[in-house]
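A structural walkthrough
Here's the letter readout for the chains.
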Amino acid sequence: MLYIVSLIALFYVGSSRPFASQCTVIPAGSNFTDGNGNNIVLQEPAVTGKCEVHTENNGGGTHIESFQFQCNGTTAALLQYGHEVGDCSGMATTTPVTLNGSCAMMGCLGFNDDQYDTSDCTGVPYQNRTNEYIYWSPDICMYNATQTCVNGQPQTSFYNNSMCTGTAQTIVIAGQCIQQGHKKSVYYNATDNPCGANATRGYWK
């Protein structure tokens, strides 16, 4: 009987809480100083060990940059690579991160996004971000937001309070074109999707 109950519990957990990749994260509240001397405080955990690449397309050509966070025990840093380096290779500018506690393992998800100068995600993207990772902690209120799976895709709802009460200010649904302002939009592609192996396009930031 106990064996059957265990199987039912395992099936329920597997069905309602899809497997998420585990990543080492720098805790929220950690901070660093950027190149302009500004103190940047992380409002949510920062995933480490993932090379994020930004590509901008404009009238002057294409600009590429890459960076990643790293954490080794109680020491963390932001590594930024030279212009036009799209794979986090070569020499990097290292910016120390002052930790608010210690780095830890946490669920995470990865995505790409395309940003457009149109309101309906059509045309040529003017900016693209690839291999961007964020934390994943579904069905609880964390960092003024809740996360859940909808139709096999991640969804995040943002609130103006730390209890996630009232009406969400913004709801970002995976797989949909998100309008930003009058003539801006963004489309997200979940590449490391905790909600299902068959994800195509979708997610937030």
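Anyway, here's the lowdown on the structure attached to this text. Keep in mind it's a predicted model, so treat the numbers as computed, not measured.

1. Remarks on the environment of Val53
Its place among the elements puts Val53 in strand E5 (residues 52-58). When residues no more than four places from it in sequence are discounted, the contact partners of Val53 are Ile64, Glu65, Ser66, Gly86, Asn128, Arg129 and Thr130.

2. Re the pattern of salt bridges
Under the criterion given, the structure shown has three salt bridges. Between Asp113 and Arg129 there is a salt bridge whose closest N-O contact spans 2.9 Å. Of this pair, Asp113 sits in strand E9 (residues 104-116) while Arg129 sits in strand E10 (residues 127-135), and the two are 16 residues apart along the sequence. On the basis of relative accessible area, Asp113 is assigned to the buried category, the value being 1%. One salt-bridge network, held together by shared partners, links Asp113, Arg129 and Glu132.

3. Examining the state of the cysteines
By the definition in use, this model includes six disulfides. Covalent S-S linkage joins Cys71 and Cys103, the inter-sulfur distance amounting to 2.0 Å. Between Cys71 and Cys103 the sulfur-sulfur dihedral comes to about 105°; the bridge is accordingly right-handed. In this pair, Cys71 sits in strand E6 (residues 61-72) while Cys103 sits in the loop between strand E8 (92-97) and E9, placing the two residues 32 residues apart along the sequence.

What counts, and at which threshold
Residues numbered from 1 in each chain as written. Predicted model: local features only at pLDDT ≥ 70, side-chain atom pairs only at ≥ 80, totals over all residues. Heavy atoms only, no water. Helix = DSSP H or I, 4+ residues; strand = E, 2+ residues; numbered from the N terminus. Contact = heavy atoms within 4.5 Å. Salt bridge = Lys/Arg side-chain N within 4 Å of Asp/Glu carboxyl O. Buried < 20%, exposed > 50% of the residue type's maximum accessible area, 1.4 Å probe, protein only. Disulfide = S-S within 2.5 Å.

Limitation: the analysis is restricted to geometry and does not speak to function.
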